[in-house]
Structures are given as structure tokens and as C-alpha cells.
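Take a look at the letters that make up each chain.
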Amino acid sequence: MTYPFVEGEPLVDRAVPDGPLAERWTRRRSTGRLVNPANRRKLDVIVVGSGLAGGSAAATLGELGYNVRCYCYQDSPRRAHSIAAQGGINAAKNYRNDGDSVERLFHDTIKGGDFRARESNVYRLAEVSVEIIDQCVAQGVPFAREYGGLLDTRSFGGAQVSRTFYARGQTGQQLLLGAYQALERQVNAGTVTMHTRHEMLDLIVVDGRARGIVVRDLTTGAVTADLADAVVLATGGYGNVFHLSTNAKGCNVTATWRAHRRGAYFANPCFTQIHPTCIPVSGDHQSKLTLMSESLRNDGRVWVPARAGDTRPPGAIPEEERDYFLERRYPAYGNLVPRDIASRAVKAVCDEGRGVGPGGRGVYLDFADALARLGRDTVAARYGNLFEMYERITGEDPYTAPMRIYPAVHYTMGGLWVDYDLQSTIPGLFVIGEANFSDHGANRLGASALMQGLADGYFVLPNTIGGYLADGPFPRVSPDDPAVASAVGEVRDRIERLLAVDGDRSVDSFHRELGRIMWDHCGMERTDAGLRKAIGEIRALREEFWTRVRVPGDGASLNQSLERAGRVADFFELAELMCVDALHRTESCGGHFRAESQTPDGEALRDDARFSYVAAWEYGSPPVLHKEELVFEHEKPTQRSYS
Ligand SMILES: Cc1cc2nc3c(=O)[nH]c(=O)nc-3n(C[C@H](O)[C@H](O)[C@H](O)COP(=O)(O)OP(=O)(O)OC[C@H]3O[C@@H](n4cnc5c(N)ncnc54)[C@H](O)[C@@H]3O)c2cc1C
């Protein structure tokens, strides 16, 4: 059997401290090299992205006294996709006294990620989680409170404790406003300069170090270089490679993909999270999907008719003719099993012909019991804005009829490979938030992305980047340096090339077709034959793209078709690597379900003997696979069970 890749040298994370797991982060902080405050003023750091990860990092680095320049493509940092996060943020505070602890959050996250994440990183994440809540409360983030005044929590999938802090159904928005305030404070203090409506289109590498970026001003079309001592990418996830996802329409892979082409390894690209509770696709006209937060599974019960082909309205189906399949199959966690498990269970009942709604691609999420038990006011206080959103989109009232939900692409666990210090394989290039691959293994638990983004931005990076910058300031790079001139030239040429095709097919039609290939073959279930077929189809479609795409307008002004064309061109290249990664990993784990590798009852079957590693891909034709072995000293990898 031939695979379209070659294998290179193994990869080792040399930044991770040794010693007892629980002491590693403290030791790293207390023994890492420091930059004294007077020297920080002489060091320039570029942060690309102003979502929760980038916004918190830029604010904190500014506060420390570095010269920070922060970029985003939106018209304001407040519009970063982080604003969409609904359900909450995890932290091992144990306010409920229900048995939570740093160790338990660590355990849940390692197990939830199907034993494909690093123990050291995850332990640090669990430790730092408690500091995040304090930081955000101090900023004035209005977390929900109980009657007595304590912060309230709720439960999320893959946990039997209640550790998710929330601000109604708008947690991301409130956290982002906190980070944004901190960022604007530094903008006012002069330590951070904010560049909105600028898109990073390449990374500048000089003498093996990341020394700057090439950006396009999206309103004037001007392409320029910005040079610095270090570059931080906080550019979010790439779920939009599937065209339809719960991500904001602008989310893309360009920044990380361009860095990958310059030498940064891309890790576990095939690890995609499919979220079980989204509003089902309603037709070909749609350009995005809407999430119904996992928090709804605290009180909503998931069911389908027990009999295939039962088309009665939900209210006419008596209790004994319903199948609450998550509660039946996973009694210990019930409706709060992790996302990968719930999504597959939903798909399975729909494949059996028991799905509801148009095309049978849906299951019920029913609040009748919760409404009877808690009353409408309490349910509205917890989920009111989500119910309203559902009604506005579907025209159905979830207070009187169950919601209909179906899985959709939501998050990408893969991303640029980073070491314990969050540094990529290019010295001086750091990657944080959803853009890196670091902490979630093969499946992220709900409410852990906000935790990771803010851990990276407020606490981890500001400490670890000092170890690198302590050797700076690095020799000044001249704007005329050949590496700068060639990166700028390549960006301009690519823009010209896209405009010059002048074909007859819209960017969106290509993106839609690419998304369908990815969903069919690299989505909830993957097979050897399907992935090989997908690689062939992606290559053919990419060729067609470069001969038929039509990009109206020019490059010297605001041109959203041109922006989208550049992003879709990068999605094509990423899509192929995702399929290669999925093809080579012949085990199932977390969100990566290979039909050939399942237990008799249809659960994901890992192959620890052969695949207990991070797959880090070096750019090339063919791509080169570097394996980073995963070592489990504290958690024993077992077949995950939520029953
Ligand atoms: C609908 C929805 C609900 C969610 N709810 C939750 C939840 O309740 N709890 C939870 O933990 N997680 C949740 N998540 C996941 C979570 O929101 C994200 O993983 C997280 O917010 C990502 O933050 P980030 O800072 O890494 O990236 P983002 O917030 O995506 O920010 C990316 C930034 O990078 C910039 N950028 C990107 N590319 C470029 C470029 N080339 N040039 C310049 N700038 C660029 C953008 O302008 C933006 O500022 C949810 C996700 C979705 C889709």
C-alpha cells in the first residue's frame, strides 16, 4: 500500500521540563530566562489575531512593556470569532464542592482527548484554569452568579462535575470584552499598536528565525512588510475548510498555512471536532451553520422515535415509543457524553432511518421535562438567548416543541505544532489558541477552548516568550533584505495570479464543492477508499480552481472576492494534507473515526501500539511525517468508556 507521504526524523519536545508533573509549570516559570523591564522596551513583537488568545496575549505583552503590534482582518478586535462562543469556560475551582480538582480536570481532558494529548501541557492547562477566572472577574466579566453571590457553574460533556463558568449564552462575548478592554488600555498606553483590516499573507523568515509578516491592507490593497523580534500567531481554527461549519464566515487557515509553507510543522490536521447540537442543514443556499450550545444538554434530553419511519409529530409519540439513546447507551454521563461520542450516536440513529425532520437528518433536543421541573422563567434565564436564536432561524418555538439538531463541523484540534513553550518549529514563531494543536488531543471537551486560549494568552506565552527574547534584540532586518523582498514579491504575484485567471466560476462554488468532498470523506466517518478518492478529487478541483475561478474587481481596493479566493486556495492545500493525515492514521480516535477500526458496539477503537504519537507534518511534495511519541506516566490509556 502506498501513502502520499514520506516519513522523516522523530520529533521531540525539548522545552518540556522534567520532574513531577504537578511541579513542571512552576519550575518552568521560576527557572526560565527573563527579560528585564528596560530591555523589553527594545523588543518588538507582532501578534496576529485579536480574539481571546491574541487579544489577551497582546494586552499582557503590552503590559509587560514589549512593543506590540497586533493585527486582525476585522474592523475591530471585538469582532473576532471568539465572540460567538456561547456555553462557557472550564476551571477547576471546585466552588460546588462536587469533587473537582486540577487532577480531575487534567484526567477528564486527557481522557476526553482520547489519549492523544501531552500530559505536561494538559496538566498546566488545568492548573492555570483557576487563575483565568480570577483574572476575568477582576476585569469585570459578568459571569452568572447564584442567589448567594457566588459564581454559578454548569456541566459540560465528558465531566461529572459542574465546572463550567458562563455568562448566559454569551460567554465568549463577555470574555472578549474583558480582553479587549485590557488591550485598549495598552493601546492607550502606547505599548500596543492595533492594525485592523489587515490580513497576514506570509511569514518572513530570516536566518532561520521568524522576523516578520507580510500584510495586505484590506481597504487600500497595499502590501507591506512588518519586521519584529518575534511573531505570535493567534489566528484561530480552520473548520471552514468544510465550507459549512459553525465558525464565523471569515475564519480561515491562511496565516498558519503560509507559516507551514515557510517551515512550521502542521500537527494532527485531520483532528476535527463535529459538534452534535447544531441546527440541521436546510438546503443548498446555506453558507454557514448555527450552533446550539452544549450547555443545552444540561437540561435538554436527546431522543428519536424508537421505530424507523415514524413520522408522527413529537408530541404525538408516547414516552414508551421514544428512544433516549444517549441516556440508554451511556447511563453514567447520559446526554453529557463528549461531542465525538454524541455526534456518532446521532449519525447512527439517523442512518438507521430514525432521524427526524427534512431528510431524516435530525434528532430531538427536548426541554419538556426541564420546563415542567424548573418552570419557564428558570429555563429562560439559563438559555433564553439560545431559544430565541433557534426560533428566529427555524420559526419553531423550543418552549412548546423540541429543537431539532444534527452534528456540524465546529472546531479543529489540529494546528501548527508547538513545543511546551508554544514555539513552533521555526524559532521565534509562537502559536496560541485554536491555531496551535496543543492541548486537546483527538477531541476537545466543551468549554475548554476558551480556557486554552486565555491560558495561552494571559499566562503561558507571556512567560515562555521571555526565554526566547532574552537573546534579543536580534540584528535589525533591513526592509531590503532579500527574504523580505521575496516574501512581499510572492504575495503580490499570487494576488495578480488570482485576478488574472478571469474565469467563469465563483470562489464560493469551489469552496462549496471542496466542503462537500471533505464532509463526505474526511468528516464524521473516514475510510481508506474514501480518503484516497477525496485526495484525487481535491487535486482535480484545485487545478480547475486555478484555471476557472472568477475574481471580480481589482487588488487596489476593498475586494472581498479576492480575500476569499486567497483563503480558498489555501484551504485546497490544507484539505489534501488533512486527508493524507486521516489516511495514514488507520486507527480511530476521538473525532477521527476510521470505519475500519471500531469496537463491536461501534465505538472508536484506538491502536496505541502504532499510533500513540502526534503527527507533525513538514511541508513538501510529498509531505514529510515527523512523529512525536506521547508518553503517559500518570494516565493509563484505556478504551474510553462513558457508560
Ligand atoms: C459558535 C461557537 C461557539 C463556541 N462556544 C464555545 C464555548 O462556549 N466554550 C469554549 O470553550 N469554546 C467555544 N467555542 C470555540 C472557541 O470559541 C474558539 O475555539 C476560540 O474562541 C478561538 O479563539 P482564538 O483567539 O484562538 O481565535 P479567534 O477568536 O478565531 O480569533 C482569530 C483572530 O485572528 C485574526 N486572523 C485570522 N487570520 C488572520 C490573518 N491571516 N491576518 C490577520 N488576522 C487574522 C482574526 O481577525 C481574529 O482576530 C465555540 C466556537 C463556535 C464556533
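What this report covers is the structure whose coordinates are included nearby. (Residues numbered from 1 in each chain as written. Predicted model: local features only at pLDDT ≥ 70, side-chain atom pairs only at ≥ 80, totals over all residues. Heavy atoms only, no water.)

### Some remarks on the pairing of strand 11 (residues 230-233)
No. 1: Burial of the side chains of strand 11 extends over both faces: Ala 230 and Val 232 are buried on one face and Val 231 and Leu 233 on the other.
No. 2: With 3 bridges connecting them, strand 11 and strand 19 (residues 429-431) associate as parallel partners. Bridged to Val 231 within strand 19 is Leu 429. (Buried < 20%, exposed > 50% of the residue type's maximum accessible area, 1.4 Å probe, protein only. Helix = DSSP H or I, 4+ residues; strand = E, 2+ residues; numbered from the N terminus. Pairing = 2+ DSSP bridges.)

### Points about the packing of helix 5 (residues 119-139) against helix 12 (residues 449-469)
Working note: a packed helix pair is described by the angle between its axes plus the distance between those axes.
No. 1: Interaxial distance between helix 5 and helix 12 falls to 9 Å at its minimum, and their mutual angle equals 80°. By the angle class used here, helix 5 and helix 12 are roughly perpendicular. Together, Arg 124, Leu 125, Val 128, Ser 129, Glu 131, Ile 132, Gln 135, Cys 136 and Gln 139 of helix 5 and Met 451, Gln 452, Leu 454, Ala 455, Tyr 458, Phe 459 and Val 460 of helix 12 make up the contact between the two elements.
No. 2: When grouped by side-chain class, the residues that make up the contact of helix 5 with helix 12 number 10 nonpolar, 4 polar and 2 charged. (Axes fitted to C-alpha atoms, helices over the stretch in contact; angles between N-to-C directions. Parallel < 35°, antiparallel > 145°, perpendicular 65-115°, else oblique. Contact = heavy atoms within 4.5 Å. Nonpolar A, V, L, I, M, F, W, Y, C, P; charged D, E, K, R; others polar.)

### As for the sheet that holds strand 5 (residues 153-154)
No. 1: Ordered by their spatial adjacency, 3 strands build an open sheet running 4-6-5, and the pairing between neighbours is antiparallel. Each end of this open sheet is capped by a strand with a single partner; those strands are strand 4 (89-90) and strand 5.
No. 2: Pairing of strand 5 with strand 6 (residues 164-165), which is carried by 2 bridges, proceeds in the antiparallel orientation. Bridge pairing in strand 6 places Thr 153 opposite Phe 165.

### Digging into the sheet that holds strand 8 (residues 198-206)
No. 1: Strand order in the open sheet formed by 3 strands is 8-9-10, and the pairing between neighbours is antiparallel. Edge positions in the open sheet fall to strand 8 and strand 10 (223-227), since each of these has one partner strand only. Averaged over all neighbouring strand pairs, the angle between strand axes comes to 30°, with direction disregarded.
No. 2: Sheet analysis places strand 8 next to strand 9 (residues 209-217), joined by 8 bridges and oriented antiparallel. Among the inter-strand pairings, Glu 199 is bridged to a residue of strand 9, identified as Arg 216.

### Thoughts on the side chain of Arg 24
No. 1: Note that Arg 24 resides in helix 1 (residues 24-31).
No. 2: Residue classification places Arg 24 among the buried residues on the basis of a relative accessible area of 7%.
No. 3: Residues contacting Arg 24, with those up to four places away along its chain left out, are Pro 17, Asp 18, Gly 19, Ser 120, Tyr 420 and Glu 633.

### Observations concerning the pattern of salt bridges
No. 1: For the structure on display, the rule yields 64 salt bridges.
No. 2: The closest approach of N and O atoms between Arg 79 and Asp 75, which form a salt bridge, is 2.7 Å.
No. 3: Judged by relative accessible area, which is 37%, Asp 75 ranks as partly exposed.
No. 4: One salt bridge connects Arg 505 with Glu 544, and the closest N-O pair in it is separated by 3.0 Å. With Arg 505 in strand 20 (residues 505-506) and Glu 544 in helix 15 (residues 528-548), this pair connects stretches of sequence that are 39 residues apart.
No. 5: For Arg 505, a relative accessible area of 14% translates into the label buried.
No. 6: Glu 544 sits in the partly exposed class, given a relative accessible area of 23%.
No. 7: A single salt-bridge network, built from bridges that share partners, covers Asp 114, Arg 116, Asp 340, Arg 344, Arg 585, Glu 587, Arg 606, Asp 608 and Arg 640. (Salt bridge = Lys/Arg side-chain N within 4 Å of Asp/Glu carboxyl O.)

### Some remarks on the site of the ligand
No. 1: In the vicinity of the ligand there are 37 residues, among which Gln 74, Ser 82, Gly 87, Met 200 and Glu 434 approach most closely.
No. 2: Ala 234 is positioned with one of its backbone polar atoms (N or O) 3.4 Å from an oxygen atom of the ligand.
No. 3: Between an oxygen atom of the ligand and a side-chain N or O atom of Glu 434, the distance comes to 2.6 Å.
No. 4: Taken by itself the ligand offers 1,000 Å² of open surface, and the protein chains cover 97% of this.
No. 5: Mapped onto the shell around the ligand, the elements with two or more residues apiece are helix 3 (52-64), strand 8, strand 17 (403-412) and helix 12. (Near = heavy atom within 4 Å. Polar contact = N/O pair within 3.5 Å; in protein donor to acceptor, adjacent residues only side chain to side chain. Areas by Shrake-Rupley, 256 points an atom, 1.4 Å probe, with all protein chains shown as cover.)

### Concerning the nonpolar core
No. 1: Judged by nonpolar contacts, the single largest core of 189 residues is most densely connected at Ile 89, Leu 429, Leu 469 and Phe 545.
No. 2: Ranked by residues supplied to this core, first place goes to helix 16 (residues 560-584) with 14 residues.
No. 3: In contact with Ile 89, other than residues within four places in its own chain, are Ile 132, Ile 133, Phe 143, Arg 163, Thr 164, Phe 165, Thr 171, Leu 175, Ala 447, Leu 450, Met 451 and Leu 454.
No. 4: Listed in part, the 5 residues of the second largest apolar core include Trp 303, Ile 317, Tyr 324 and Val 356. (Core = buried A, V, L, I, M, F, W, Y, C linked by side-chain atoms within 4.5 Å.)

### Section: unusual backbone geometry
No. 1: In this model, Gly 472 is joined to Pro 473 through a cis peptide bond whose omega is -10°.
No. 2: Inspection of the secondary structure assignment puts Pro 473 in the loop between helix 12 and helix 13 (482-501).
No. 3: The step from Ser 621 to Pro 622 runs through a cis peptide bond, and the omega angle for that step is 5°.
No. 4: Here Pro 622 shows up in the loop between strand 22 (613-618) and strand 23 (624-629).
No. 5: Positive phi outside glycine occurs at Arg 197, with the angle close to 50°.
No. 6: A residue is classified by how much of its surface remains accessible, and Arg 197, at 31% relative accessible area, is partly exposed.
No. 7: Its identity as a non-glycine residue notwithstanding, Leu 422 has a phi of 70°, on the positive side.
No. 8: Along the chain, Leu 422 turns up in the loop between strand 18 (415-416) and strand 19.

### Comments concerning helix 5
Each turn of an α-helix holds 3.6 residues, which means side chains three or four residues apart point in the same direction.
No. 1: Given a rise of 1.5 Å per residue, 21 residues ought to cover 30 Å, and the 30 Å separating the end C-alpha atoms of helix 5 matches this to within 8%.
No. 2: Where helix 5 bends most, at Val 128, the angle is about 30°.
No. 3: Extensive coverage of helix 5 is indicated by the burial of 15 of its 21 residues.
No. 4: Just downstream of helix 5, Gly 140 is the residue with a positive phi angle, here 95°. (Expected span 1.5 Å × (residues − 1). Bend = angle between axes of the 7 residues up to and from the residue.)

### Details of the packing of aromatic side chains
No. 1: The full count for this structure, using the stated rule, is 23 aromatic pairs.
No. 2: Residues Tyr 95 and Phe 165 carry aromatic rings whose centres are separated by 5.7 Å and whose planes lie at 80° to one another, so their mutual orientation is edge-to-face. In this pair, Tyr 95 is assigned in the loop between strand 4 and helix 4 (102-112) and Phe 165 in strand 6, connecting sequence segments 70 residues apart.
No. 3: What makes Phe 165 buried here is its relative accessible area of 1%.
No. 4: With 6.1 Å between their ring centres and 75° between their planes, Phe 115 and Phe 632 make a pair best called edge-to-face. With Phe 115 in the loop between helix 4 and helix 5 and Phe 632 in the segment after strand 23, the pair connects residues that are 517 residues apart, well separated along the chain. Of the two residues examined, Phe 115 and Phe 632, each falls in the buried class.
No. 5: An aromatic cluster is present here, built from Tyr 238, Trp 257, Phe 266 and Tyr 619 joined pairwise through their rings.
No. 6: Here the basic side chain of Arg 301 rests over the ring of Tyr 324, its NZ or CZ set 3.8 Å away from the ring centre.
No. 7: For Arg 322, the ring lying beneath its charged end belongs to Trp 303, and the centroid distance is 4.0 Å. (Phe/Tyr/Trp six-rings, centres within 6.5 Å; stacked < 30°, edge-to-face > 60°. Lys NZ or Arg CZ within 6 Å of the ring centre and 35° of its normal.)

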